[in-house]
Amino acid sequence: MSRTGPLARALRSLAGAVGTLLAASLLVFGATALVPGDAAAARLAGRAGPERIAELRHGLGLDQPWWQRYGHWLWHAVQGDLGTSYANGTPVADLIAARAGNSLLLGAVAAALLLPLSVGLGLWAGLRAGRAADRLVSGATLALVSLPEFVTGTLLVLLLAVGLGWLPAVSLPSAGNSPLSQPELLVLPVLTLVSVCLAQNVRLVRAGVIVASASDAAQAARLGGVPEGRVVLRWVLPAGIVPAVPVMARYLAHLLGGTLVAETLFGYPGLAAALVNATATRDTPVVLGIALIVATLTVMLNLLADALAGVLNPAAKNLS
Amino acid sequence: MVRNRPVERRAIVAGSVLAAVIGLALLGPLLAPHPPGEVVDMPYGPARGATPLGTDHLGADVLSRLLAGGRTLVLLSLAALGVAYLAGATAGMLAALRGGRTDTAVLRVTDVLLSMPGFLLLSVLVVAAGRGPAGVGVATAVVLLPDIVRVVRAATLQVLQHDYVEAALARGESQRHVLVREVLPNLASVLAADAGVRFVGAVFVIATAGFLGYGAQPPAADWGLMILENRDGLSLQPLAVAVPAAAVLLLLLSANLLLDSAFPARQPARRGSRPAGGSAADPDAVLRLRGLTVDADTPDGPRTVLDGLDLELRRGRLLALVGPSGSGKTTAALAALGELRPGLTHRAGEAVLAGHAVLHLQDRALRRVRSRHAGYVPQDPRTSLAPMLRVAGHLGEYLRARGVPRAARPELIRSAVRRVRLPDDDEFLRRHPHQLSGGQRQRVALAAALAHRPDVLVLDEPTSALDQATASALLADLRQLCQDDGPAVLLVAHDLAQMASIADEVAVLDGGRLVERGPAAQVLAHPQSAAGRRLVEAARGALVQDRAAAELPQHAPEPPARPVLAVRGLSARRGDRTLLDGIAFDVEPGGCLSVVGPSGGGKTTLLRCLAGLHDDRAGDIELDGVPLARGLRGRSPEQLRRLQLVPQDPHSSLNPRHTVERIIARPLGRHRPELDPAGLRAAVRELLERVGLDEEFATRRSAQLSGGQRQRVALARALASGPAVLLCDEVTSALDPPTAATVVALLARLRDELGVALVVVTHDLTVPARLGGRMAVLADGRIKEAGPVGQLLTASADPTTEDLLLGVPGLPSPEPRRAATRTRP
Amino acid sequence: MTVHQISRRSALRTFGVGVGAALGSGLLAACGSNGKDPAALGTAAASVAPRRGGKLRAAFAGSSAESTSVLQATGSAIDYVRARLVWDTLGELEGSSVVWRLAESVEPNADATRWTVRVRDGVTFSDGRRLTAQDVLFSLRTLAGNPTTQSALLGGLDPVASTVRDPRTLDLVLKSPDGFFDLALAQSIFVIPDGTTDFEHAVGSGPFVLKSWTRGSSSLLAARRDYWDSSRGGPYLDEIELASVVDAGARVNGLKAGQFDYAGGITLTAARAEANNRDLRIVTAPKELWSDLALTMNLGQAPFTRPEAVEALKYAIDREAMVRTVTLGFGEPADDALGKYQSWYDTSLPRRAHDPERAKQLLAAAGLGGLKLSVRTSDYEYGTLESATAFVQQGQAAGLAVAVDRIPAADYYTDIKALLSAPLQTNRYNAMPLPLQLSFFYGAKAAYPFTGPADDTLDGLMTAMHAAVGDARRAHAVNDVQHYLHERGGDAVFARIPPAAAMRPSVRGVQARGFFDYPCLRDAFLSA
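Calculation criteria
Per-chain numbering applies: the sequence of each chain, read as written, is numbered from 1 onward. Whichever chain is written first is A, and whichever ligand is written first is 1; the rest continue in order. This being a predicted model, a pLDDT of at least 70 is required before a residue's local features are given, and a value of 80 or more before pairs of side-chain atoms are given or counted; all residues contribute to the totals for chains, interfaces and linings. As a convention, hydrogens and water are excluded, and side-chain values are obtained from all of the structure's heavy atoms. Under the scheme used here, helices are H or I runs from DSSP no shorter than 4 residues and strands are E runs no shorter than 2 residues, and both carry numbers assigned from the N terminus. The quantity called the radius of gyration is restricted to C-alpha atoms. Its globule counterpart is 2.2 Å times the number of residues to the power 0.38. Buried means the residue's accessible area, taken with a 1.4 Å probe over protein chains only, is under 20% of the maximum for its type, while exposed means over 50%, and partly exposed covers the values in between. Note on contacts: a residue pair qualifies if any of its non-hydrogen atoms lie within 4.5 Å across the two residues. With residues, only the protein chains shown are counted as cover, and all accessible areas are computed by Shrake-Rupley using a 1.4 Å probe. Charge counting follows a simple rule: Lys and Arg are positive, Asp and Glu are negative, and His as well as the terminal groups are ignored. Charged side chains are reduced to one point each, which is NZ for Lys, CZ for Arg, CG for Asp and CD for Glu. Pairs of strands are assigned from DSSP output, requiring at least two bridges between the strands. Axis lines are fitted through C-alpha atoms, for helices just across the contact stretch, and the angle between N-to-C directions can take any value from 0 to 180 degrees. UniProt positions are given in the numbering used here, feature names are shortened, and annotations may be inferred rather than shown by experiment. Any two of the Phe, Tyr and Trp rings considered here, Trp counted by its six-membered ring, make a pair once their centres fall within 6.5 Å; the pair's planes then place it as stacked at under 30 degrees, edge-to-face at over 60, or tilted in between. Cation placement over rings: the criterion is NZ of Lys or CZ of Arg within 6 Å of the ring centroid and within 35° of the ring normal. Values of pLDDT, the confidence the predictor places in each residue, fall between 0 and 100. Two parts placed together each lose some accessible area; with a 1.4 Å probe, that loss summed over both constitutes the buried area. Every case where a carboxyl oxygen of Asp or Glu lies within 4 Å of a side-chain nitrogen of Lys or Arg is listed as a salt bridge. What qualifies as a polar contact is a pair of N or O atoms within 3.5 Å, subject to a donor-acceptor requirement within protein and to the restriction that residues adjacent in sequence count only when both atoms come from side chains. Think of a patch as exposed residues, more than 30% relative accessible area, with no salt bridge, where like charges cluster within 9 Å and nonpolar side chains (Val, Leu, Ile, Met, Phe, Trp, Tyr) cluster within 5 Å. Helix span is expected to be 1.5 Å times the residue number reduced by one.

Enquirer: Tell me what's going on with the overall build of chain C, and back it up with residues and numbers.
Expert: Broken down by element type, chain C carries 17 helices and 22 strands. Its C-alpha atoms give chain C a radius of gyration of 23 Å, near enough to 24 Å, the size a compact globule of 528 residues would have. In terms of overall dimensions, chain C has C-alpha extents of about 70 × 60 × 40 Å along its principal axes. Within the span of chain C, comprising 528 residues, buried residues form 66% of the whole. Within chain C, residue pairs in contact and separated by at least 24 positions form 73% of the contacts whose partners lie at least 6 positions apart. Working note: accessible area of chain C is about 16700 Å², and carbon and sulfur atoms make up 54% of it. Between the centroid of the 54 positive side chains of chain C and the centroid of its 56 negative side chains there is a distance of 4 Å.

Written out as structure tokens, the structure is:
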């Protein structure tokens, strides 16, 4: 098998991905070890005496050297067992499985709205560069991103849920069923997430479209009598979105990895809130479990972005 | 460059708003009526008397906290942004430039940082860097870093594709210099667009850190923190959140608008609306331009590009439109299709295509006329086809535009491809443009233009970027296609020699006016107009046969001195493909070796091996008897100085950001450090004169120079470090013959005056014919034949050389030519 | 169980993100006035006759580490509310006195070293089993032996020596005399059947049974018609749905958007914003369940080894200003003593008026002019960071150079060494029966002696307090301790701050019974 064949390249990028995950898990473990206090103190400080806390610390094995604990965790993680939470002993997988599902669902719906919207707006503004429409879109998206996420969310709740009562204010599925069964729960969090992520993507697509629309190829097509619609679809669009693809992958990973403010503001049971709680209570296994999910998402989406860039810009493929 | 009033106005507005906000932030603390922490009234008190903007969650005056809250936020976010860009840009550029292990290491680190949940990364960094503004600043910078590295790396990879970077490396410039001087100035526009939104990120990371308790100790204030800590009372006292949010919004919006207007996007071609209506259709002529006048609006008033041009074209006739560059050839051709580039306005006259006054039609109607009656083939094959479209897809689109039903298309596509003598099998039809050669791409464009049997076919210098053999084959096919009741063909060309064989008529344009028109043979034999005569003379000078017969500039046979450049057993590979095999030759001091051959034969790879830009090679190359290391790093500064590269594409061989003087002064300063600034300027002027440019070019940038002038600057740059050998990579290919001729003459003069040895790679046989010295024919990675130029041109022993010679078109000379015996198997 | 530790459990509160976004009805309806004084919980409800049936939807602060285990019941607000419905406790607090539930009576012996517990008859678990003394002893041993919050208060119990005398009587033996052990037994001692191993699904004798539960989302409980006490009260409702909403602002939004009937633990800002909202009822805790805000001085650390510095600081605090700004006018000044309005509180303690001049003189006399102080605080709970920041300005008037040392919420409690050695820090003491609270924070055996090691006099008073038996002598012993702490204690308790909640007007019968933020919904019902 030659050194540069597609199979070799795929294997090498897979090995790279695993390496990245390993490094990320070590960094996260180091991070939780660096921050003062530990799970035993976080759980019982102020409610039971120091000797009871020391007893719990020993029980949880927190007094072992950090590299031994990391080795122990890694050894089990490789076999698929993410260990148990320090806070209440339940297996980490149970704790984060439902939340991961919720976050993936919310992220997917938000992405399903964000991607077409940013490409559409970017294209529409790019084709009218410099004119009023372009400035309107650029200004609006910029204003949206300059507003902090939770102010936008708060305004949406006040307007649509509390004020007009069209939508539920808290996106909480009733016991036993998933948010999918009550789709109206997702509307407000999705609107908030999309409003924040829109600006950067629209700006990149717009810039790409402007360059592609003025390219010789597009000009030749127009001179050759190809209608503007087809020119935009086959000449301008594919070349236009190439620069935006890697950034969109970044936003996708951010959306799927759980977003703190949307989950807090709307009470949506996602990964980010769980991560914040686990970090506060120094619950290292849960932090590692969630960090692994986020890391895997990021790495996979980066690989996807590179592949997509290859498809959209075949010439670039053999350049890299 | 046309001054664009609205963009400038918007820049001033954005700039002043930004200045005002930053001023408020920096001077605010001095103006605040109360200290930020002073409790003035009940928390979330309404706006009244002492507290014009009400109070916040602590009961402190919102106005005072607003005034006091800007400084830390603005300074810290700018500092964090600065540090992040400094580190990010350096890492990104180094990764792109060095590639290999550095690249993978940098990417691996950014991937790991990206995969860490941002908020966890922030809390750990602050704990490590210590709480307080400094710690938060460092943490913010690290959180922003990975994204910046990726953006900069991608942008740098694009800049590196330009030749001026490789030329700088070949000159032995340090990587630091190349990054800071050559690459960074060109990244500015990318970084600016990115910095705008990144600034938003910095502000909110700092606010979140503050809110989590890592930032400045209370009661210090900062706008981001004020927004987060007052959000409880949003309904009770909205001003406590609205006011700081507005401040942040103004800060970010004005910064982004300023950045946008500082780097405006290029305005796409905007078609002004023109009065409708047109004259009666004229039956017989397929294309008629009548009294066509077009002006270009330049900073100092309108300049006429076309002045009352009259032209007709009947079906089946091929009219070649020639003239010096800037004579309006391309504008006339595009006007025939009803297209005016941005910045041009149609003053008078009209263009009638198959009975339609195209310059008066609007988009939809114009598009229908074009799709039914016209065909167009662009100039540069590298950018004429959309990278994503396969051959079949490209042709399919044009047929679709003609209203051909989907079912009928596959067959029409195959016949269109066959008509331009390209393979019509599925594998070829599924290829992307980057899998086609230049010639094949132009043929695909031609096939698309002819797919619907148009009445008029317009070609804009279709063969300028092709080597001679491919070009003449394409033109011969074009001639044959128009023979049997084909379309009327308007061919814009600059190579008179090629036109001689295929054009029915030749029209010469000069300064926007038609100065001469007539049958090709008659115009080329007896040009009447001055411009016509200049063109024919330049073309005739390029004739090989005449040069071979004439006396070649003989050098006094020097004693056989040690060769300045000796190559033995050179072979080179890329991946698993062999590019060169068993190459051996010598170049004496002051000698000249022209390397010719078909494209893809390995000519450029040979030059890159000599210049040290291609290290996957074996065999040895000696400069002044001392072996040259494979890559640049192993070569001594002296070696790097004595071997200079002149890149091929004039558009990308000079850094657009640098003036001509700076481009030449850099290598000159390194070679002759003893010169003081005045001496340096004088030396630059002297070099410019040597390459035939007067000193007022020193202050210009490459955008303001023509192709020929850029090539001369590139030559001056190469000569600045007093080289022993000049490596010239296809220096004439992108120039029209008259300019190419002057550049080759310049090379010859430099060789005589400075005694510098030349290794010239070219596909144009006229170059060795003029330069003399020795010649080597390189094809399929091997030297087929080598020897003195005169001997190879007249009595070549190898079929490859024979084919090359056949590719060169002849020109009807005024007096009867000696029967040149040329038989073609 | 001490509320002090529970309220900080809601994780996002620790991150201050969830300080509680109180969102009024209209964005710009900035109502400035303080609105009518909100009714105290439980009092106004008595007038309406309870109505049977219906489903109550209540939202409380949850966390990602929620659990249905009886040992983790005090992990978060929602866990605690659910636990109080599924399991019965030995006894509950009504005001300052104890109302026994599963216990009929609890009597100490002469020197309070042995306590006899009579177990109520006729109580059945949800699986039909009858309650016996053995179940109670098993529950006590399980709670004391595991890392639970109840274990801190049962520290004095000798689990091995305590025995079951007969199916309805229990003899509890204490390691050392404790006259207030009955109060400890009234702190959420949940009773589970003897021999339970799976604590996540432990059977309870409470008024409701858990039908379905999704961690971090919501849980559904159904009423038990055969509840032993249903003759004298609830359960009136058919079902209760508890929604786990971490952010206080989100809880209020849900209430106003009609998704919930009751929102626990809302911020005072929300209480003020919604004061004029007719379709909501804002309630605050009964006064004895308010929290105390204090600037705690560690008497073992400089400069507070000098009594003049301690005294000066107590005079430097402007208690009225703190009430107006930190408690938004809802609270009231406190007199350097905990547990006001409880029967144990010594009402004769004098008030220290705000007197910056006297503070300056005291400092000058002790040669401590221009004293530099750093207040360790965090936004762990509402009130601490806000009062520290307000004290910076008040301190200047009294010649104290005060700086705020804000610790991230997550690190505040986990760094125990810093917690017990900080010279000056803020504290929010949540409501707890006074004797238990005193023994938890003062004296030699204190779990968290914030004010430094106890001196001999304080030790003597504390031992006397524990040894006192009978209400009159116990009250007198507590007053002695309070007097001493008021004179020479390190806690400058300056204000009392009420926890608040909001509900639809139709919601009735929600009783705090010792814990306002995790109320007892046993007797809750929906009026017409």
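Enquirer: Outline the overall build of chain A, supporting the account with residue identities and numerical values.
Expert: For chain A, the count of helices and strands is 15 helices and zero strands. Seen along its three principal axes, the alpha-carbon backbone of chain A occupies a region of about 85 × 65 × 35 Å. Sorting the 320 residues of chain A into buried and exposed places 58% on the buried side. Sequence-distant contacts, at least 24 apart, represent 71% of the contacts inside chain A between residues at least 6 apart. As displayed, chain A has an accessible area near 12100 Å², and 71% of this comes from carbon and sulfur atoms. Side chains of chain A carry 20 positive and 14 negative charges; the gap between the two charge centres is 12 Å.

Enquirer: Requested: an account of the sheet that holds strand β20 (residues 782-788) of chain B, with residues and values cited.
Expert: Residue and element names in this part refer to chain B. The sheet built from six strands is open, its strands ordered β16-β17-β18-β13-β19-β20 with mixed pairing. The outermost strands of the open sheet, each flanked by one partner alone, are β16 (643-646) and β20. When the angles between neighbouring strand axes are averaged without regard to direction, this sheet yields 15°. The strands touched by helix α22 (residues 603-611) within the sheet are β13 (592-596), β16, β17 (725-729), β18 (757-761) and β19 (774-779), with β17 carrying the most contacts at an inclination of about 150°. Contacts from helix α27 (residues 707-720) reach β16 and β17, with the element oriented near 170° to β16.

Enquirer: With reference to specific residues and values, describe the sheet that holds strand β5 (residues 356-357) of chain B.
Expert: Residue and element names in this part refer to chain B. Spatial ordering of the open sheet is given by β2-β1-β4-β5, a layout of four strands whose pairing is antiparallel. Of all the strands in the sheet, just β2 (301-313) and β5 have a single pairing partner and so form its edges. Where strand β1 (residues 287-298) and β2 come together, nine bridges link them in antiparallel fashion. When the sheet's bridge partners are listed, Thr-298 is paired in β2 with Gly-301.

Enquirer: So, the UniProt feature "transmembrane region" (unreviewed entry) in chain A: which residues are in play, and what are the values?
Expert: Residue and element names in this part refer to chain A. In the UniProt entry, the feature "transmembrane region" (unreviewed entry) is given for residues 104-127, 139-166, 186-205, 231-249, 255-276 and 288-312. When the span residues 186-205 is considered, its composition is 100% helix and 0% strand, and the gap between its end C-alpha atoms is 27 Å. Secondary structure over residues 231-249 splits into 84% helix and 0% strand, and the C-alpha atoms at its two ends are 26 Å apart.

Enquirer: Mind laying out the packing of aromatic side chains, listing which residues take part and the relevant values?
Expert: A complete count under the given rule lists 18 aromatic pairs over all chains for this structure. Both rings, one in Trp235(A) and one in Tyr398(B), keep their centres 6.3 Å apart while their planes meet at 85°; by these two values the pair is edge-to-face. Taken together, the positions of Trp235(A) in helix α10 (residues 228-241) and Tyr398(B) in helix α13 (residues 391-401) put the pair across two chains. Judged by relative accessible area, Tyr398(B) falls into the buried class, the value being 6%. The interplanar angle of 50° and the centroid separation of 6.4 Å between the aromatic rings of Trp115(C) and Phe181(C) together place this pair among those described as tilted. With Trp115(C) in strand β6 (residues 114-119) and Phe181(C) in helix α6 (residues 181-185), the pair connects residues that are 66 residues apart, well separated along the chain. Taken individually, Trp115(C) and Phe181(C) each receive the classification buried, so the pair is uniform in this respect. Three or more aromatic residues link up through ring pairs in this structure, and these residues are Tyr80(C), Trp87(C), Phe190(C), Phe515(C) and Tyr518(C). The ring of Phe697(B) has Arg700(B) lying over it, and the distance from NZ or CZ to the ring centre is 4.6 Å.

Enquirer: Lay out the confidence of the model for chain A in plain terms, naming residues and giving numbers.
Expert: On average, residues of chain A score 83 in pLDDT, and 95% of them are at 70 or above. When the elements of chain A are averaged for pLDDT, helix α15 (residues 314-317) of chain A gives the smallest value, 56, and helix α5 (residues 92-127) of chain A the largest, 90.

Enquirer: For the environment of Leu154(C), give the residues involved together with the corresponding values.
Expert: Summarising the element assignment, Leu154(C) is placed in the loop between α5 (150-153) and β7 (163-166). Distance from Leu154(C) to Arg141(C), taken between C-alpha atoms, is 9.1 Å for residues 13 residues apart in sequence.

Enquirer: Any details on the interface of chain B and chain A? Residues and values, ideally.
Expert: At the junction of the two partners, chain B supplies 63 residues and chain A supplies 63 residues. Where chain B abuts chain A, roughly 5800 Å² becomes buried across the two surfaces, and 69% of that area is made up of carbon and sulfur atoms. At the boundary of chain B with chain A, the tally comes to four salt bridges. Seen at the junction of chain B and chain A, the total is nine residue pairs in polar contact (both at pLDDT 80 or more). Considering each element in turn, the side of chain B that touches chain A owes the most residues, seven residues, to helix α9 (residues 239-262) of chain B.

Enquirer: Hey, could you go over helix α3 (residues 77-86) of chain C for me, with residue numbers and the actual values?
Expert: Of all 10 residues in α3(C), 10 are buried; the element is thus mostly enclosed. If you check which residues of α3(C) are buried, you get Ala77(C), Ile78(C), Asp79(C), Tyr80(C), Val81(C), Arg82(C), Ala83(C), Arg84(C), Leu85(C) and Val86(C).

Enquirer: Summarise a nonpolar patch on the surface; cite the residues concerned and give the values.
Expert: Residues and elements named next belong to chain B. A contiguous nonpolar patch, built from Leu-26, Leu-27, Leu-30, Leu-31 and Leu-75 and spanning about 510 Å² of accessible area, is present on the exposed surface. It is helix α1 (residues 5-31) that contributes the most residues to the nonpolar patch, four residues altogether. Relative to the assigned elements, Leu-75 resides in helix α2 (residues 62-98). Given a relative accessible area of 45%, Leu-75 falls into the partly exposed group.

Enquirer: Provide a residue-level description of helix α3 (residues 100-115) of chain B, including the pertinent values.
Expert: Its 16 residues place the ends of α3(B) 23 Å apart at the C-alpha level, agreeing with the 22 Å of an ideal helix rising 1.5 Å per residue. For α3(B), every residue scored as buried is listed here: Asp103(B), Val106(B), Thr110(B), Asp111(B), Val112(B), Leu113(B), Leu114(B) and Ser115(B).

Enquirer: I'd love a proper account of the side chain of Thr293(B), names of residues and values included.
Expert: With respect to the helices and strands, the residue Thr293(B) is situated in strand β1. Beyond its immediate stretch of four places on either side in the chain, Thr293(B) contacts Leu306(B), Asp307(B), Gly308(B), Thr345(B), His346(B), Arg347(B) and Ala348(B).

Enquirer: Got a sec to walk through the pattern of salt bridges? Specific residues and values, please.
Expert: Residues and elements named next belong to chain B. Taken as a whole and judged by the stated rule, the model has 69 salt bridges over all chains. The closest approach of N and O atoms between Arg-198 and Asp-147, which form a salt bridge, is 3.7 Å. Here Arg-198, found in helix α7 (residues 175-211), pairs with Asp-147, found in helix α5 (residues 133-160); they are 51 residues apart in sequence, far enough to count as distant. The exposure classification of Arg-198 matches that of Asp-147, with both residues buried.

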